[in-house]
Amino acid sequence: MNLAQLLVRAARVHPERPAVLVGDRPQWTYRELADRTSRLAGHLRNGLGLQPGDRVAVYMTNHVAYLEVLYAAWWAGLAVVPINAKLHPREVEFILGDAGAAVLFVSDDLAAGLQPLLGGLPALRRAFTPGDPAYETALAAPSVAPAHRAPDDLAWLFYTSGTTGRPKGVMQTHRNLYAMTSCYFIDVDDVQADDAIVYAAPMSHGAGMYNFAFVARAARHIVPASGGFDPAELVALSQSVGRLCLFAAPTMVKRLVEHIATNRAPADGFKTLVYGGGPMYAQDIQAALTTMGPRFVQIYGQGESPMTITALARETLDERTHPRWAERIASVGVAQTLVEVRVAGPDGQTLPTGETGEVVVRGEAVMAGYWRNPEATAQALRDGWLWTGDMGAMDADGYLTLKDRSKDVIISGGSNIYPREVEEVLLRHPGVREVSVIGQPDAEWGEVVVACVVGSEVTAAALDALCLEHIARFKRPKRYHFVAELPKNNYGKVLKTALRDMLHKEEPTC
Ligand code: AMP
C-alpha cells in the first residue's frame, strides 16, 4: 500500500485541519497539502513522464515544501532519496549518481553549490527549487490519482551516514515504513489530533520519517523558522503551539535540558521527546527527567531497520522505584512490537542472557537490502536476520544494553573492553563535559585504552581514581587527552575514526 494513502485519508476525513506550519504560522490545511501534492505528482508523471519506481532526490534543508515533495513522489509511484543537507556537493553528486535520480528538488540555500556538478549526471532530467517560478508552474499541473504501490516496492532510499567509506543506499519499502509507523503508535507514543511534530532535526533522516504517524492522525507539522535546532525557539513554540513532539539526538536533548534548567523555562508545552541515534548517558537522561518530567521515550534503530529495533517507554523511564531502574534507563529498552531482536554469537546462535554479542533483528521494518549492492546486502542480511554491527547484551526481562559498535570494541591484552562502560564512569566527574574512549595500537598490549576528555578543572589523576573505584583495573585508560572538542558528524555522533587519526598524529598530553 502506498504511503501517499495516509495523506489521501487525512485530507478526506479532516480537510480543514492545519497540516503544515512555519513556526506558529499556519501554511496549509490537509486539503491544501493534498491538492498541492497531487498536482506536483501530476507534473512528475505526466509533465516529465517519470515511471513507477524512478528516484526523486531531495537535497533540502528543513523546508515548508519538504512534505509535499516527499508525498508528491509517492503519490506518483516514485521513490524518494532524501539527502543530508550538510553533505558536501561532491558527496551529493555521488549519491545522485548512485541512485540514478531522475529529478532533484534542491532548496535555494543549497542550489548554487550543486549547480556546477549537475551536468555530469546523465540520469538527471530536471532540478527544481521550491518557491521558484518553475516549481510554481509544476504545482499548477492537473492532479492525478495516487499510484498503486506494492508493499515491497521501494519508498525511501536512505543513504547511511557512514563514518567510513562510501555511503550505501538502504532500500526502505512502503511496508517497512508502515511497520515503523505502527511501532510508533504501539511502542513510542499515541499521537492525538492536536499534537504537533516539530522538525528540529533533519527531515532527511529519522525526524522526517516520523511524519507518517502525524499525517495518520491529521496532526500538525511544524518547520521551525530557524530550520533547525534552537532551544529558545523550541521553548517558545512549545508555549505558543502546545503539545509539541520531536525527535532529537542525545546531544540536542542535553542542550535543550540545560537551556530549560538554566533559564527556568517551562516544560509543560512539550508532550514527547523521542531520543536516539546515539548513546544517551545515564547521567544525562536522569538530568533530563528531573528537569522536564516524564516526557521522554528512547528508540534504538538504524537506517537498515528505521527507528525500529528497540524502545524504552516513558513509563519505564519514570518508574524510579523499580529495583532495576538504574540499569533500565541505561539500556535501549525492549524489542519494538513488529520486530524480533536477539543477541547472537559469530555463528548466529543466540547467546545466553547477559552475554555480549552482536544485535540481530528481523521483521517488518527491516530493509529490503542495499541498493545495487548484493555483496553488502549478503553481509548485512543473513538467514533473514539483519546484523546491526552493534554489540549488546539482553537481560532476562528483554532489556537490551548496547555496548558499542563491534568495530569500536578495544582488545587490550586479550580482554574485550567496551568504551561506553568506561565513558559512563568518566562522565560521573563533574568537570567532564564530554568524553570519548578509543583504542590505540600498542606494541605490548595490542591496543591500549585512551580517553579524550572535554572538560575543565579535571586531572588525569582524578579520573584514574574514579575508574579504580568503579571498574576493573584493566579497563582504565592508560592515557588521557584533554581536547577542546570532539570530532562529530552532522548528527552529533562522535567520529571515533577521526579521533583515532587525530591522536595518531599527536603526542599524548599527559
Ligand atoms: P544510522 O543508521 O546512521 O541512524 O546509525 C545507527 C546507529 O546509531 C546504530 O547502529 C547504533 O550504533 C546507533 N544508535 C542508534 N540509536 C541508538 C541508541 N538509542 N543508543 C545508542 N546508540 C544508538
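Residues numbered from 1 in each chain as written. Predicted model: local features only at pLDDT ≥ 70, side-chain atom pairs only at ≥ 80, totals over all residues. Heavy atoms only, no water.

## Quick look at the sheet that holds strand β11 (residues 244–248)
Then step 1. Here nine strands make up an open sheet; going across it, the order is β2-β1-β10-β9-β11-β12-β13-β14-β15 and the pairing mixed. The sheet is open, and its two borders are formed by β2 (25–29) and β15 (334–335), each paired with just one other strand.
Then step 2. Here strand β1 (residues 18–22) runs beside β2; their pairing, made up of four bridges, is antiparallel. Bridge pairing in β2 places Val22 opposite Arg25.
Then step 3. Packed onto the sheet, helix α2 (residues 30–47) meets β1, β2 and β10 (220–223) and runs at close to 60 degrees relative to β2. (Pairing = 2+ DSSP bridges. Helix = DSSP H or I, 4+ residues; strand = E, 2+ residues; numbered from the N terminus. Contact = heavy atoms within 4.5 Å. Axes fitted to C-alpha atoms, helices over the stretch in contact; angles between N-to-C directions.)

## A look at a negative patch on the surface
Then step 1. Together, Asp108, Asp109, Asp132 and Glu136 line one region of the surface with negative charge.
Then step 2. Residue placement: Glu136 occurs in helix α6 (residues 133–139). (Patch = residues over 30% accessible without salt bridge, like charges linked within 9 Å, V, L, I, M, F, W, Y side chains within 5 Å. Areas by Shrake-Rupley, 256 points an atom, 1.4 Å probe, with all protein chains shown as cover. Salt bridge = Lys/Arg side-chain N within 4 Å of Asp/Glu carboxyl O. Lys, Arg positive; Asp, Glu negative; His and termini not counted. Charge placed at Lys NZ, Arg CZ, Asp CG, Glu CD.)

## Notes on the sheet that holds strand β24 (residues 432–442)
Then step 1. The sheet built from three strands is open, its strands ordered β24-β25-β26 with mixed pairing. Each edge of the sheet is formed by a strand with only one pairing partner; in this case those strands are β24 and β26 (479–482). Strand-to-strand twist in this sheet, taken as the mean axis angle between neighbours without regard to direction, amounts to 25 degrees.
Then step 2. In this structure, β24 lies alongside strand β25 (residues 446–455), joined through 10 bridges in antiparallel fashion.

## Considerations on the site of the ligand
Then step 1. Looking at the ligand, there are 16 residues lining it, with Gln298, Ile299, Gln302, Asp390 and Lys493 nearest.
Then step 2. Contact between the ligand and Gln302: an oxygen atom at 2.7 Å from a side-chain N or O atom of the residue.
Then step 3. Within the side chain of Lys493, a nitrogen or oxygen atom sits 2.8 Å from an oxygen atom of the ligand.
Then step 4. In the complex, 86% of the free accessible area of the ligand, which totals 500 Å², lies under the protein chains.
Then step 5. Looking at the shell around the ligand, the elements with two or more residues in it are β13 (296–302) and β21 (400–405).
Then step 6. It is β13 that provides the largest number of residues to the shell around the ligand, a total of five residues.
Then step 7. Partitioning the shell around the ligand into residue classes produces five nonpolar, eight polar and three charged. (Near = heavy atom within 4 Å. Polar contact = N/O pair within 3.5 Å; in protein donor to acceptor, adjacent residues only side chain to side chain. Nonpolar A, V, L, I, M, F, W, Y, C, P; charged D, E, K, R; others polar.)

## Notes on the domain arrangement of the protein
Then step 1. Along its sequence, the protein is carved into domain 1 (29–173) and domain 2 (409–505).
Then step 2. Each of domain 1 and domain 2 was reduced to a C-alpha centroid, and the two centroids are 41 Å apart. (Domains from an automatic or database assignment.)

## Regarding the nonpolar core
Then step 1. One finds Trp74, Phe105, Tyr210, Phe270 and Phe296 to be the most contacted residues of the largest nonpolar core, which totals 126 residues.
Then step 2. The contacts of Phe105, once residues within four sequence positions are left out, are Leu40, Leu44, Val56, Ala57, Val58, Tyr59, Met60, Val69, Phe128 and Tyr135.
Then step 3. Judged by nonpolar contacts, the second largest core, of 26 residues, contains Ala57, Ile83, Ala85 and Leu114. (Core = buried A, V, L, I, M, F, W, Y, C linked by side-chain atoms within 4.5 Å. Buried < 20%, exposed > 50% of the residue type's maximum accessible area, 1.4 Å probe, protein only.)

## A look at the environment of Val450
Then step 1. In this structure, Val450 sits in strand β25.
Then step 2. What makes Val450 buried here is its relative accessible area of 0%.
Then step 3. A C-alpha to C-alpha distance of 5.0 Å links Val450 and Pro477, two positions 27 residues apart in sequence.
Then step 4. In this structure, Val450 is in contact with Ser436, Val437, Ile438, Gln440, Arg479, His481 and Leu503, ignoring residues within four places of it in sequence.

## Concerning helix α11 (residues 250–263)
Then step 1. Helix length check: α11 (14 residues) gives 20 Å between terminal C-alpha atoms against 20 Å at 1.5 Å per residue, within 8%.
Then step 2. Among the residues of α11, those classed as buried are Pro250, Met252, Val253, Lys254, Leu256, Val257 and Ile260.
Then step 3. Residues of α11 that are buried sit in contact with α10 (231–240), β11, β12 (270–275), α12 (282–292), β13 and β24.
Then step 4. Of the residues trailing α11, Arg264 is marked for its positive phi of about 45 degrees. (Expected span 1.5 Å × (residues − 1).)

## Notes on the layout of surface pockets
Then step 1. Quantified by volume, the second largest pocket comes out at close to 580 Å³.
Then step 2. Going through the elements one at a time, α12, α14 (325–329), β20 (385–394), β21 and α16 (419–426) are the ones with two or more residues in the lining of the second largest pocket.
Then step 3. It is α16 that contributes the most residues to the lining of the second largest pocket, four residues altogether. (1 Å grid on protein atoms, 1.4 Å probe; cavity = no way out; pocket = protein on both sides within 12 Å on 5 of 7 lines; lining within 4 Å. Points joined across faces, edges and corners; volume = space filled by probe spheres on them.)

## A short note on the pairing of β26
Then step 1. Taken together, the four bridges between β25 and β26 define a ladder with parallel strand orientation. Note that in β26 the partner of Ala451 across the bridge is Tyr480.

## Looking at the environment of Met280
Then step 1. Along the chain, Met280 falls in the loop between β12 and α12.
Then step 2. Given a relative accessible area of 4%, Met280 falls into the buried group.
Then step 3. The sequence separation of Met280 and Ala380 amounts to 100 residues, and the corresponding C-alpha distance is 25 Å.
Then step 4. Not counting residues up to four positions away in its chain, the partners in contact with Met280 are Pro250, Val253, Tyr275, Ile285 and Arg420.

## Observations regarding the packing of aromatic side chains
Then step 1. Taken as a whole, this structure holds 11 aromatic pairs when the rule is applied.
Then step 2. With a centroid separation of 6.3 Å and 35 degrees between ring planes, the pair formed by Trp74 and Trp156 is classed as tilted. Placement of the pair is Trp74 in helix α3 (residues 66–75) and Trp156 in strand β7 (residues 154–159), with a sequence separation of 82 residues.
Then step 3. On the accessibility criterion, Trp156 (0% relative accessible area) is buried.
Then step 4. For the ring pair Phe105 and Phe128, a centre distance of 5.3 Å and an interplane angle of 20 degrees mean the geometry is stacked. Of this pair, Phe105 sits in strand β5 (residues 103–106) while Phe128 is found in strand β6 (residues 126–128), placing the two residues 23 residues apart along the sequence. The exposure classification of Phe105 matches that of Phe128, with both residues buried.
Then step 5. These aromatic residues form a ring-pair network of at least three members: Tyr184, Phe185, Tyr210, Phe214 and Phe247.
Then step 6. Over the face of the ring belonging to Trp445 we find Lys478, whose NZ or CZ atom lies 5.1 Å from the ring centre. (Phe/Tyr/Trp six-rings, centres within 6.5 Å; stacked < 30°, edge-to-face > 60°. Lys NZ or Arg CZ within 6 Å of the ring centre and 35° of its normal.)

## Notes on the side chain of Ser204
Then step 1. Note on placement: Ser204 falls in the loop between β9 (196–198) and α8 (206–209).
Then step 2. Reaching out from Ser204, the side chain makes a polar contact with the side chain of His205 at a distance of 2.9 Å.
Then step 3. Beyond its immediate chain neighbours, meaning those up to four positions away, Ser204 contacts Tyr66, Pro82, Ile83, Asn84, Trp156, Phe158 and Tyr491.

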